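Listed here are the chains, written in short residue letters.
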Amino acid sequence: MNTTDENEYGDEGEEFRALLHSQRVWDVELPSFDPTRAPDAPLPLFHRWFAEAVAAGQPEPHTMTLATVDAEGRPDVRTLMLHDADARGWHFATHATSAKGRQLAVRPDAALGFYWAAQGRQVRVRGTVTAAGAVESRADLRARSTGALAAALTGHQSDVLSSAEELAVASRAAWVRAEAEPDAPVPTWRRYALAPREVEFFQGDGARRHVRLRYRRDPDGGWVRELLWP
(Lines give C-alpha, C1' and ligand atoms only; values in the text may rest on other atoms or scores of the structure.)
Protein backbone atom coordinates (compact mmCIF):
# COMPACT_ATOMS: atom_id res chain seq x y z
CA MET A 1 0.00 0.00 0.00
CA ASN A 2 1.35 3.42 -0.98
CA THR A 3 0.51 5.63 2.02
CA THR A 4 2.28 8.62 0.44
CA ASP A 5 -0.14 8.65 -2.47
CA GLU A 6 -3.10 8.17 -0.13
CA ASN A 7 -2.01 11.12 2.01
CA GLU A 8 -1.26 13.30 -0.98
CA TYR A 9 -4.58 12.71 -2.72
CA GLY A 10 -6.82 11.84 0.20
CA ASP A 11 -8.51 15.22 0.61
CA GLU A 12 -8.82 15.69 -3.12
CA GLY A 13 -10.30 12.22 -3.47
CA GLU A 14 -12.87 12.88 -0.75
CA GLU A 15 -13.86 16.15 -2.42
CA PHE A 16 -14.26 14.37 -5.73
CA ARG A 17 -16.38 11.58 -4.24
CA ALA A 18 -18.60 14.08 -2.41
CA LEU A 19 -19.11 15.99 -5.65
CA LEU A 20 -19.71 12.79 -7.60
CA HIS A 21 -22.27 11.43 -5.15
CA SER A 22 -24.15 14.72 -5.01
CA GLN A 23 -25.05 14.53 -8.69
CA ARG A 24 -28.57 13.56 -9.66
CA VAL A 25 -30.09 12.28 -12.86
CA TRP A 26 -33.42 12.88 -14.51
CA ASP A 27 -34.55 15.91 -12.54
CA VAL A 28 -37.24 16.28 -15.20
CA GLU A 29 -40.47 14.50 -15.96
CA LEU A 30 -39.59 11.56 -18.17
CA PRO A 31 -41.73 10.43 -21.08
CA SER A 32 -43.49 7.10 -21.02
CA PHE A 33 -42.70 4.34 -23.46
CA ASP A 34 -45.06 1.49 -24.29
CA PRO A 35 -42.98 -1.19 -26.04
CA THR A 36 -46.11 -3.03 -27.17
CA ARG A 37 -46.81 -0.13 -29.52
CA ALA A 38 -43.29 -0.02 -30.97
CA PRO A 39 -42.87 -0.59 -34.71
CA ASP A 40 -41.74 -3.91 -36.14
CA ALA A 41 -38.27 -2.56 -37.06
CA PRO A 42 -35.92 -0.31 -35.10
CA LEU A 43 -35.23 2.43 -37.66
CA PRO A 44 -38.66 4.14 -37.50
CA LEU A 45 -38.47 4.18 -33.71
CA PHE A 46 -34.97 5.66 -33.83
CA HIS A 47 -36.16 8.40 -36.18
CA ARG A 48 -39.06 9.18 -33.83
CA TRP A 49 -36.92 9.22 -30.69
CA PHE A 50 -34.36 11.42 -32.40
CA ALA A 51 -37.04 13.95 -33.38
CA GLU A 52 -38.40 13.88 -29.83
CA ALA A 53 -34.91 14.46 -28.41
CA VAL A 54 -34.53 17.51 -30.65
CA ALA A 55 -37.97 18.79 -29.60
CA ALA A 56 -37.04 18.28 -25.92
CA GLY A 57 -33.99 20.52 -26.32
CA GLN A 58 -31.37 17.80 -26.01
CA PRO A 59 -27.98 19.41 -26.82
CA GLU A 60 -26.22 17.81 -29.77
CA PRO A 61 -28.57 14.83 -30.13
CA HIS A 62 -26.63 13.76 -33.23
CA THR A 63 -23.50 12.96 -31.22
CA MET A 64 -22.84 9.32 -30.37
CA THR A 65 -20.14 7.07 -29.01
CA LEU A 66 -18.45 4.58 -31.30
CA ALA A 67 -16.81 1.54 -29.75
CA THR A 68 -14.29 -0.50 -31.72
CA VAL A 69 -11.66 -3.13 -30.99
CA ASP A 70 -8.02 -2.93 -32.02
CA ALA A 71 -5.89 -5.69 -33.53
CA GLU A 72 -4.92 -6.91 -30.04
CA GLY A 73 -8.55 -7.18 -28.95
CA ARG A 74 -8.45 -4.09 -26.73
CA PRO A 75 -11.61 -1.94 -26.77
CA ASP A 76 -11.58 1.71 -27.76
CA VAL A 77 -14.30 4.38 -27.69
CA ARG A 78 -14.82 7.98 -28.82
CA THR A 79 -17.59 10.49 -29.54
CA LEU A 80 -18.45 11.54 -33.08
CA MET A 81 -21.39 12.73 -35.18
CA LEU A 82 -24.14 10.74 -36.85
CA HIS A 83 -24.35 11.51 -40.57
CA ASP A 84 -27.47 9.51 -41.41
CA ALA A 85 -29.61 6.57 -40.36
CA ASP A 86 -31.32 4.70 -43.17
CA ALA A 87 -32.01 1.21 -44.44
CA ARG A 88 -28.26 0.58 -44.82
CA GLY A 89 -27.52 1.44 -41.21
CA TRP A 90 -26.13 4.22 -39.03
CA HIS A 91 -23.62 6.41 -40.91
CA PHE A 92 -20.51 8.27 -39.78
CA ALA A 93 -17.23 9.34 -41.37
CA THR A 94 -13.56 9.62 -40.53
CA HIS A 95 -10.12 9.18 -42.03
CA ALA A 96 -9.35 5.59 -43.02
CA THR A 97 -5.91 6.23 -41.53
CA SER A 98 -7.24 7.28 -38.12
CA ALA A 99 -7.20 4.90 -35.16
CA LYS A 100 -10.85 3.97 -35.62
CA GLY A 101 -10.40 3.62 -39.39
CA ARG A 102 -7.47 1.25 -38.92
CA GLN A 103 -9.33 -0.71 -36.25
CA LEU A 104 -12.44 -1.08 -38.41
CA ALA A 105 -10.31 -2.31 -41.31
CA VAL A 106 -9.10 -5.20 -39.13
CA ARG A 107 -12.21 -5.83 -37.02
CA PRO A 108 -15.36 -4.37 -38.60
CA ASP A 109 -17.68 -5.25 -35.69
CA ALA A 110 -18.57 -2.13 -33.70
CA ALA A 111 -21.17 -0.57 -31.43
CA LEU A 112 -22.83 2.85 -31.18
CA GLY A 113 -24.39 4.52 -28.17
CA PHE A 114 -26.70 7.54 -27.97
CA TYR A 115 -27.64 9.17 -24.65
CA TRP A 116 -30.40 11.78 -24.55
CA ALA A 117 -30.46 12.92 -20.94
CA ALA A 118 -33.32 15.36 -21.53
CA GLN A 119 -35.63 12.37 -21.78
CA GLY A 120 -33.67 9.68 -19.95
CA ARG A 121 -33.21 7.70 -23.12
CA GLN A 122 -30.44 5.61 -24.60
CA VAL A 123 -30.13 3.81 -27.92
CA ARG A 124 -27.49 1.11 -28.41
CA VAL A 125 -26.62 -0.31 -31.82
CA ARG A 126 -24.36 -3.29 -32.53
CA GLY A 127 -23.38 -4.59 -35.94
CA THR A 128 -20.88 -4.73 -38.77
CA VAL A 129 -19.33 -1.67 -40.37
CA THR A 130 -18.62 -1.31 -44.08
CA ALA A 131 -16.78 1.52 -45.82
CA ALA A 132 -18.40 3.44 -48.65
CA GLY A 133 -16.70 3.99 -51.96
CA ALA A 134 -14.75 7.04 -53.03
CA VAL A 135 -17.69 8.81 -54.70
CA GLU A 136 -19.97 8.57 -51.67
CA SER A 137 -17.13 9.48 -49.31
CA ARG A 138 -16.32 12.61 -51.34
CA ALA A 139 -20.00 13.58 -51.40
CA ASP A 140 -20.17 13.17 -47.61
CA LEU A 141 -17.36 15.65 -47.08
CA ARG A 142 -18.67 18.06 -49.74
CA ALA A 143 -22.02 18.26 -47.91
CA ARG A 144 -20.39 19.43 -44.69
CA SER A 145 -19.09 22.82 -43.57
CA THR A 146 -15.89 24.61 -44.57
CA GLY A 147 -14.58 23.90 -41.09
CA ALA A 148 -15.20 20.18 -41.51
CA LEU A 149 -13.31 20.20 -44.81
CA ALA A 150 -10.45 22.17 -43.24
CA ALA A 151 -10.24 19.66 -40.39
CA ALA A 152 -10.17 16.79 -42.88
CA LEU A 153 -7.49 18.52 -44.94
CA THR A 154 -5.38 19.04 -41.83
CA GLY A 155 -5.05 15.25 -41.70
CA HIS A 156 -2.81 13.18 -39.43
CA GLN A 157 -5.77 12.24 -37.20
CA SER A 158 -4.65 10.12 -34.21
CA ASP A 159 -0.95 10.59 -35.04
CA VAL A 160 1.38 11.98 -32.37
CA LEU A 161 1.51 15.81 -32.43
CA SER A 162 4.85 17.42 -31.65
CA SER A 163 3.47 20.83 -30.62
CA ALA A 164 0.42 23.07 -30.67
CA GLU A 165 2.22 25.34 -33.13
CA GLU A 166 2.56 22.49 -35.61
CA LEU A 167 -1.22 22.03 -35.51
CA ALA A 168 -1.84 25.78 -35.84
CA VAL A 169 0.32 26.02 -38.95
CA ALA A 170 -1.29 22.98 -40.60
CA SER A 171 -4.78 24.18 -39.66
CA ARG A 172 -4.25 27.66 -41.09
CA ALA A 173 -3.04 26.19 -44.38
CA ALA A 174 -6.00 23.78 -44.45
CA TRP A 175 -8.51 26.60 -43.87
CA VAL A 176 -7.00 28.64 -46.71
CA ARG A 177 -7.28 25.68 -49.07
CA ALA A 178 -10.81 24.74 -47.91
CA GLU A 179 -12.05 28.27 -48.59
CA ALA A 180 -10.32 28.41 -51.99
CA GLU A 181 -11.19 24.83 -53.03
CA PRO A 182 -14.54 23.75 -51.54
CA ASP A 183 -14.27 20.51 -53.54
CA ALA A 184 -10.68 19.77 -52.50
CA PRO A 185 -10.15 15.99 -52.42
CA VAL A 186 -9.23 14.19 -49.21
CA PRO A 187 -8.24 10.67 -50.35
CA THR A 188 -8.24 9.18 -46.84
CA TRP A 189 -11.77 10.37 -45.98
CA ARG A 190 -14.27 7.53 -45.66
CA ARG A 191 -17.95 7.31 -44.97
CA TYR A 192 -18.98 4.22 -43.03
CA ALA A 193 -22.27 2.50 -42.31
CA LEU A 194 -22.95 0.23 -39.36
CA ALA A 195 -25.52 -2.40 -40.37
CA PRO A 196 -27.32 -3.39 -37.15
CA ARG A 197 -27.66 -6.87 -35.70
CA GLU A 198 -29.11 -5.55 -32.44
CA VAL A 199 -30.70 -2.23 -31.51
CA GLU A 200 -31.77 -1.52 -27.93
CA PHE A 201 -34.03 1.31 -26.82
CA PHE A 202 -33.77 2.25 -23.15
CA GLN A 203 -36.34 4.48 -21.46
CA GLY A 204 -35.33 5.59 -17.98
CA ASP A 205 -37.82 5.57 -15.11
CA GLY A 206 -37.55 7.54 -11.88
CA ALA A 207 -38.53 4.46 -9.87
CA ARG A 208 -35.77 2.52 -11.68
CA ARG A 209 -38.29 0.38 -13.54
CA HIS A 210 -36.55 1.16 -16.80
CA VAL A 211 -38.00 -0.10 -20.07
CA ARG A 212 -35.51 -1.87 -22.33
CA LEU A 213 -36.68 -3.02 -25.74
CA ARG A 214 -34.22 -4.91 -27.92
CA TYR A 215 -34.58 -5.61 -31.61
CA ARG A 216 -32.52 -8.61 -32.73
CA ARG A 217 -32.02 -9.92 -36.25
CA ASP A 218 -33.40 -13.39 -36.83
CA PRO A 219 -31.82 -15.87 -39.29
CA ASP A 220 -34.27 -14.81 -42.02
CA GLY A 221 -33.28 -11.15 -41.78
CA GLY A 222 -36.36 -10.00 -39.88
CA TRP A 223 -36.49 -8.52 -36.41
CA VAL A 224 -37.31 -10.16 -33.10
CA ARG A 225 -38.50 -7.80 -30.36
CA GLU A 226 -37.81 -8.69 -26.73
CA LEU A 227 -37.89 -6.94 -23.38
CA LEU A 228 -34.83 -6.97 -21.13
CA TRP A 229 -34.59 -6.70 -17.38
CA PRO A 230 -33.32 -3.27 -16.33
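For the structure itself, look to the data block above.
The shown structure was predicted, so the numbers you read here are calculated from the model rather than taken from an experiment.

J.: Sorry, what's going on with the overall build of the chain here?
T.: When you go through the chain residue by residue, the secondary structure sums to 6 helices and 9 strands. Expressed as lengths along the three principal axes of its C-alpha atoms, the size of the chain is roughly 60 × 55 × 40 Å. Counting across all 230 residues of the chain, residues that qualify as buried make up 34%. The contacts in the chain between residues at least 6 apart in sequence include a share of 64% that link residues at least 24 apart. When the accessible surface of the chain is totalled, it reaches about 13900 Å², and 54% of it is carbon and sulfur. In the chain, which carries 28 positive and 33 negative side-chain charges, the distance between the mean positions of the two groups comes to 7 Å.

J.: Just checking my understanding: could you explain the pattern of salt bridges for this structure?
T.: If the charged atoms of two oppositely charged side chains come close together, the side chains can form a pair. All chains considered together, the criterion is met by 19 salt bridges. Between Asp109 and Arg197 there is a salt bridge, with the nearest N and O atoms lying 3.3 Å from each other. One end of the pair, Asp109, is in strand 5 (residues 109–116); the other, Arg197, is in strand 7 (residues 189–203), with 88 residues separating them in the sequence. Since its relative accessible area comes to 37%, Arg197 is described here as partly exposed. In this structure, Glu181 engages Arg177 in a salt bridge whose closest nitrogen and oxygen atoms are separated by 3.4 Å. Connected through salt bridges with shared partners, the residues Asp84, Arg88, Glu136, Asp140 and Arg191 form a single ionic network.

J.: Any chance you could explain the nonpolar core here in plain terms?
T.: For soluble globular proteins, the rule of thumb is that nonpolar side chains tend to be buried together. Leu45, Phe46, Trp90, Phe92, Phe114, Val123 and Phe201 are the most contacted members of the largest nonpolar core, which totals 29 residues. The set of elements that each furnish at least two residues to this core consists of helix 2 (42–55), strand 1 (63–69), strand 4 (89–95), strand 5, strand 6 (121–131), strand 7 and strand 8 (211–217). Beyond its immediate chain neighbours, meaning those up to four positions away, Val123 contacts Phe46, Trp49, Leu112, Gly113, Phe114, Trp116, Val199, Glu200 and Phe201.

J.: Just to check I follow, could you spell out the packing of aromatic side chains for this structure?
T.: Working definition: an aromatic ring pair is given by the centre-to-centre distance plus the angle between the planes. Summed over the entire model, instances satisfying the criterion amount to 11 aromatic pairs. Look at Phe50 and Trp116: their rings are 6.1 Å apart centre to centre, the planes differ by 75 degrees, and that puts the pair in the edge-to-face class. Of this pair, Phe50 sits in helix 2 while Trp116 sits in strand 5, placing them 66 residues apart in sequence. Put simply, the rings of Phe33, Trp49, Phe201, Tyr215 and Trp223 pair up and form one aromatic cluster.

J.: Would you mind showing me how to read the pairing of strand 8 here?
T.: Two faces, one strand: in a regular strand the side chains alternate between the faces of the sheet. Direction of pairing for strand 7 relative to strand 8: antiparallel, over a ladder of 6 bridges. Residue pairing across strands places Glu198 opposite Arg216, the latter belonging to strand 8. In terms of strand pairing, strand 8 meets strand 9 (residues 223–228) through 6 bridges, oriented antiparallel. Across the sheet, the residue bridging to Arg217 is Trp223, located in strand 9. In this antiparallel pair of consecutive strands, strand 8 and strand 9, the connection spans 5 residues, and Gly221 shows a positive phi of 95 degrees.

Reading the values: the criteria
- Residues numbered from 1 in each chain as written.
- Predicted model: local features only at pLDDT ≥ 70, side-chain atom pairs only at ≥ 80, totals over all residues.
- Heavy atoms only, no water.
- Helix = DSSP H or I, 4+ residues; strand = E, 2+ residues; numbered from the N terminus.
- Buried < 20%, exposed > 50% of the residue type's maximum accessible area, 1.4 Å probe, protein only.
- Contact = heavy atoms within 4.5 Å.
- Areas by Shrake-Rupley, 256 points an atom, 1.4 Å probe, with all protein chains shown as cover.
- Lys, Arg positive; Asp, Glu negative; His and termini not counted.
- Charge placed at Lys NZ, Arg CZ, Asp CG, Glu CD.
- Salt bridge = Lys/Arg side-chain N within 4 Å of Asp/Glu carboxyl O.
- Core = buried A, V, L, I, M, F, W, Y, C linked by side-chain atoms within 4.5 Å.
- Phe/Tyr/Trp six-rings, centres within 6.5 Å; stacked < 30°, edge-to-face > 60°.
- Pairing = 2+ DSSP bridges.

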